[in-house]
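Notes for the structure review
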Amino acid sequence: MSSDSTIRPRRILLKLSGEALLGGEDYGIDPEVLIRIATEVQEVISLGTQVAVVIGGGNLFRGAGLARSGMDRVAADHMGMLATIMNALALQDALERLGQHARVMSALRCQQVCEDYIRRRAIRHLEKGRCTIFAAGTGNPFFTTDTAASLRAIEIEADLLLKATKVDGVYTDDPVTHPDAKRYERISYDEVLDGRLGVMDATAIVMCRDNHLPLRVFNLFNPGDLIRIVQGQDVGTLVA
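Residues numbered from 1 in each chain as written. Predicted model: local features only at pLDDT ≥ 70, side-chain atom pairs only at ≥ 80, totals over all residues. Heavy atoms only, no water.

Side note on the side chain of Gln100
In this structure, Gln100 sits in the loop between α3 (73-97) and β3 (102-106). Apart from the residues within four sequence positions on either side, Gln100 is in contact with Gln42, Ile45, Leu95, Gly129, Arg130 and Cys131. (Helix = DSSP H or I, 4+ residues; strand = E, 2+ residues; numbered from the N terminus. Contact = heavy atoms within 4.5 Å.)

Shown next, in the form of structure tokens:
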């Protein structure tokens, strides 16, 4: 894996939150946002970069939240995994409507609607130019989709993990509530952990650090940023 994400990456993993699909909606999936994301992913693949995606399910269901209200955590997390499968199928459909081949691979067995996750098969899909969408997190309760993104990126030997957010990088504080917060252009894994900056959960950051996987945080809603990143431009914040 490359330690310098300003070099054009051969293979990336894009982490999308379920909330990213909301757009202007209060619940569910905004079709306009979905097709815009699919269009940018297709453009990246057309440039020769292989793209895998891990997607969350918070726009439909958040297991941890329901667990706090009394539901069994394992059951709640399994329900959250099913929500990620729904989002993955929606993204697959949007890509295919654009003419881009895509495959959904699930950590939970759901063979009537998608493939089981098999590492070697996933790499083969990527090598053939197919967008590979990993659903159902790690398949285990108590682990977030951030951790799933780090795990899958390491397994497929991605050059770069991209965390799509609503802000243009990592800040010293929440820029929404603290307008004077400063943005980091580059920051170390340990600085993220020590500062509890909330980039991703701690397990995901530690996995990136221990496997020398660079992480770039960028604004999903800034058109063209995803393409600029794969072209080697310094966009957002690099965690390395």
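Brief notes about the pairing of strand β2 (residues 50-55)
Of all the 6 residues making up β2, 6 are buried; the element is thus mostly covered by neighbouring parts of the structure. Side chains of β2 alternate between two faces, with Gln50, Ala52 and Val54 and Val51, Val53 and Ile55 buried alike. Note that strand β1 (residues 11-16) and β2 share 6 bridges and pair parallel. Paired with Lys15 across the bridge in β2 is Val54. The β-α-β motif built from β1, the intervening helix α1 (residues 31-46) and the parallel element β2 has right-handed crossover chirality. With 3 bridges joining them, β2 and strand β5 (residues 131-135) adopt parallel strand pairing. Residue pairing for β5: Val54 is matched across the bridge by Phe134. (Buried < 20%, exposed > 50% of the residue type's maximum accessible area, 1.4 Å probe, protein only. Pairing = 2+ DSSP bridges. Right-handed = clockwise from strand over helix to strand, strands pointing away.)

With respect to the packing of aromatic side chains
Aromatic ring pairs are described here by two measures, namely the spacing of the ring centres and the angle between the planes. Evaluation of the coordinates by the stated rule reveals 1 aromatic pair. Ring geometry for Tyr117 against Phe134: centres 5.4 Å apart, planes inclined by 90 degrees, an arrangement best described as edge-to-face. Of this pair, Tyr117 sits in the loop between β4 (115-116) and α4 (119-127) while Phe134 is found in strand β5, placing the two residues 17 residues apart along the sequence. Above the face of the Tyr117 ring, Arg152 is positioned so that its terminal group lies 3.8 Å from the ring centre. (Phe/Tyr/Trp six-rings, centres within 6.5 Å; stacked < 30°, edge-to-face > 60°. Lys NZ or Arg CZ within 6 Å of the ring centre and 35° of its normal.)

Points about the pattern of salt bridges
This structure, assessed with the given rule, holds 16 salt bridges. We note a salt bridge from Arg73 to Asp77, for which the minimum N-O separation is 2.8 Å. Highlighted residues: Arg73 and Asp77, both in helix α3, separated by 4 residues, approximately one helical turn. In this structure Arg73 comes out as partly exposed when scored by relative accessible area, which is 31%. A residue is classified by how much of its surface remains accessible, and Asp77, at 10% relative accessible area, is buried. Each of Lys15, Asp146 and Lys163 takes part in salt bridges that share partners, so that together they form one network. (Salt bridge = Lys/Arg side-chain N within 4 Å of Asp/Glu carboxyl O.)

Thoughts on the sheet that holds strand β6 (residues 160-165)
Hydrogen bonds along the backbone pair up the strands of a sheet, which may run parallel or antiparallel. Ordered by their spatial adjacency, 9 strands build an open sheet running β4-β3-β5-β2-β1-β6-β10-β11-β9, and the pairing between neighbours is mixed. Each edge of the sheet is formed by a strand with only one pairing partner; in this case those strands are β4 and β9 (186-187). As judged from the 5 bridges shared by β3 and β5, these two strands associate in the parallel manner. Of the residues in β5, the one forming a bridge with Arg103 is Thr132. Contacts from helix α5 (residues 145-155) reach β1, β2, β5 and β6, with the element oriented near 175 degrees to β1. (Axes fitted to C-alpha atoms, helices over the stretch in contact; angles between N-to-C directions.)

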